[in-house]
Amino acid sequence: MNSILLDNASKVVPNVGIIVNMVRQRVRQLLAGARPMLVLKPGLSFSDIALSEIAAKKLIGEPVLATGAGVTAAPVINFPATKKPSGKAA
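Residues numbered from 1 in each chain as written. Predicted model: local features only at pLDDT ≥ 70, side-chain atom pairs only at ≥ 80, totals over all residues. Heavy atoms only, no water.

A. Focus on the pattern of salt bridges. Considering all chains together, one arrives at 1 salt bridge under this definition. The partner of R26 in a salt bridge is E53, with the nearest N and O atoms 2.6 Å apart. Here R26 is found in helix α2 (residues 16-31), whereas its partner E53 is found in helix α3 (residues 46-55), with 27 residues between them in sequence. Looking at R26, the relative accessible area reads 0%, which means it is buried. (Salt bridge = Lys/Arg side-chain N within 4 Å of Asp/Glu carboxyl O. Helix = DSSP H or I, 4+ residues; strand = E, 2+ residues; numbered from the N terminus. Buried < 20%, exposed > 50% of the residue type's maximum accessible area, 1.4 Å probe, protein only.)

B. Representation of α3. For α3, the buried fraction is high: 8 of the 10 residues fall into the buried class. Among all positions of α3, only S47, D48, I49, A50, L51, S52, E53 and I54 are buried. Structurally, α3 contributes buried residues whose contacts are with α1 (3-12) and α2. Directly beyond the C-terminal end of α3, a positive phi value near 65° is found at K57. (Contact = heavy atoms within 4.5 Å.)

C. Looking closely at the nonpolar core. Counting residues in hydrophobic clusters, the biggest one holds 11 residues: L5, A9, V13, I19, M22, V23, V27, A50, L51, I54 and L59. Looking at this core, the elements with two or more residues in it are α1, α2 and α3. It is α2 that provides the largest number of residues to this core, a total of 4 residues. Sequence-distant contacts of I54, defined by excluding residues within four places in its chain, comprise A9, V12, V13, I19, M22, V23 and L59. (Core = buried A, V, L, I, M, F, W, Y, C linked by side-chain atoms within 4.5 Å.)

Rendered as C-alpha cells:
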C-alpha cells in the first residue's frame with residue numbers, strides 16, 4: 001500500500017477504520033472482475049487502485065448514525081455494481 005495514496009485518501013475520509021473497510025470491500029470487487037473507476041498507470045496493486053478512487057472521491061463512505069438507544073443505521077458505502085459470472089468457464 002502506498003503511503004502517499006493513504007495520506008490523500010485520509011484527507012477525504014478522516015477515519016482510518018472506514019478507509020480500511022472501504023479498501024477491503026473495493027479490493028474484493030476488483031478481484032471479482034470489476035473495472036477501476038479511474039484511468040491509472042499499469043502495475044498498481046488493487047489496494048492502491050482503491051485508495052486512488054477514494055482520494056478522487058469516486059467512493060463515498062457515510063458514517064453510522066448513533067442515538068441514545070444505540071445504532072440506528074448501518075454505514076452506507078456506495079460502490080459500483082458488479083456482475084457475477086454466470087455459467088461455466090469456457
